[in-house]
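Architecture and fold: a report
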Amino acid sequence: MHYSIFVDGLWLDEDTEEMAETMELDYNGVTMEIKVTDINAGEIVRVISSNPNDYLNTQYQPGTKIEFHPTFG
Amino acid sequence: MGKIITNQGMPQPKIPDGMPKINPNLPQKSPNKAGKVKNQMQALKQFGQNNMPPKVKSDIHTLTIVGQIEGHAVLSPKNKTTKYEHLIPQLVAIEQAKEIKGLLVILNTVGGDIEAGLAISEMLSSMSKPVVSLVLGGGHSIGVPIAAAADYSFIAETATMIVHPIRLTGMVIGVPQTYDYLDKMQERIIRFVASHSTIGQERFKELMFETGELVRDVGTVLVGDQAVKEGIINEVGGLGHAMQKLRTLINEQFPQEEQEDDCECSSEEIAEGNCGCYSSQAEFQPRQSVIEALEGDDD
């Protein structure tokens, strides 16, 4: 149940075809949302952390390209 | 000369024309630095990890609650959301970490899931560390109890809070019990806000059911100091005020002697004024152990 000023239609909108695929990744112990650009590469969309210093870290700036080692299982 | 010996007889990959060619005879500008960069690149390629930058200590952590508060239902990716599966473990970690002394909650939210919002509110209000909230832009709907849950709350002069009745979403059964259920859900919010701020339950309900304020809804828009006048928020202020208040609350809860002292000077250096850890004499406050050591020397 929602308690929000948003109009229902906006958040129930299922039209998501233009949205890029994003995933969450643990990178150096910092959780971040990345836009997947390749099987092992992505671009940082946002950092999810309560430590304000993580946002000052230039390596974690949104738009930064990162490579990772995908694991399956 | 010039013959390339390849491993296991594999053909050497051809370097495309556009690629820069590396001359091995050129002296490297900084071999250590270059090596470090190479190691970093290898680490990045192999494990998706990089060397950590020097850690800056921060005893204040921040939660930014922005967009919709996402709870049990996953919202469409078009929405900007703050997810409860991120916030709840973060709050537990903040409560547990010794080096974190206080929490600043910044709200710019349109509301969202009731269960998630109330969970966050309850966690904030029951935290043992000082919590200060700051409403910037908007702190609507379920953002109201979250803002009120802090030990002390601020609202920016231009920020607004909309208090309105909750709406039923999804499948609605047209039976009288539906209204009772809705009322019960609403009651949880009203009770929480009333018990964590100075506004009374009756007044909050009045604001909730106000007509003539909102164009498409029943409710009230509270701008900056109106939220303070109603008693939902403690004070009008910005980031500086919120930080200052949080520092004050931290100092009250963790008195000076318990705070970490990074000064590694010996007691002699401090006594002779050769310690550079304190920028001025006014800031110089010898620790109890130092005072005792100096007194011990006199005997």
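Since the structure is predicted, the reported quantities are computational estimates derived from the model, not experimental observations. (Residues numbered from 1 in each chain as written. Chains lettered and ligands numbered in written order. Predicted model: local features only at pLDDT ≥ 70, side-chain atom pairs only at ≥ 80, totals over all residues. Heavy atoms only, no water.)

Observations regarding the overall build of chain B
Secondary structure assignment for chain B yields 10 helices and eight strands. Of all 299 residues assigned to chain B, the portion counted as buried reaches 39%. Contacts spanning at least 24 positions in sequence make up 64% of the contacts within chain B whose residues lie at least 6 apart. (Helix = DSSP H or I, 4+ residues; strand = E, 2+ residues; numbered from the N terminus. Buried < 20%, exposed > 50% of the residue type's maximum accessible area, 1.4 Å probe, protein only. Contact = heavy atoms within 4.5 Å.)

As for the sheet that holds strand 5 (residues 65–67) of chain A
All names here are of chain A. With antiparallel pairing, four strands are arranged side by side in an open sheet as 2-3-4-5. Two strands bound the open sheet, and with one partner strand each, they are strand 2 (22–27) and strand 5. Adjacent strand axes in the sheet meet at a mean angle of 50 degrees when their direction is disregarded. Relative to strand 3 (residues 30–36), strand 2 runs antiparallel, the two sharing six bridges. (Pairing = 2+ DSSP bridges. Axes fitted to C-alpha atoms, helices over the stretch in contact; angles between N-to-C directions.)

Some details on the confidence of the model for chain A
Across chain A, the average pLDDT comes to 79, with 78% of residues at 70 or higher. Of all secondary-structure elements in chain A, the lowest mean pLDDT belongs to helix 1 (residues 8–12) of chain A, at 55, while strand 4 (residues 41–48) of chain A reaches the highest, 90. (pLDDT = per-residue confidence, 0-100.)

Focus on the packing of aromatic side chains
Summed over all chains, the structure comprises two aromatic pairs over all chains. Where Tyr27(A) meets Tyr60(A), the ring centres are 6.1 Å apart and the plane angle is 70 degrees; that geometry is what we call edge-to-face. Highlighted residues: Tyr27(A) in strand 2 and Tyr60(A) in the loop between strand 4 and strand 5, separated in sequence by 33 residues. Grouping residues by exposure puts Tyr27(A) and Tyr60(A) together as buried. Their ring planes at 55 degrees and their centres at 5.2 Å tell us that Tyr152(B) and Phe154(B) sit as a pair that is tilted. With respect to class, Tyr152(B) is no different from Phe154(B); both count as buried. Lys101(B) extends its terminal NZ or CZ atom over the ring of Phe254(B), reaching a point 5.8 Å from the ring centre. (Phe/Tyr/Trp six-rings, centres within 6.5 Å; stacked < 30°, edge-to-face > 60°. Lys NZ or Arg CZ within 6 Å of the ring centre and 35° of its normal.)

So, the pairing of strand 6 (residues 160–163) of chain B
On any regular strand, side chains alternate: one points to one face of the sheet, the next to the other face. Residues and elements named next belong to chain B. Alternating residues of strand 6 divide into Thr160 and Ile162 and Met161 and Val163, and every residue in both groups is buried. Pairing analysis gives four bridges linking strand 6 to strand 7 (residues 220–223), with the strands arranged antiparallel. Its bridge partner lying in strand 7, Val163 is registered against Thr220.

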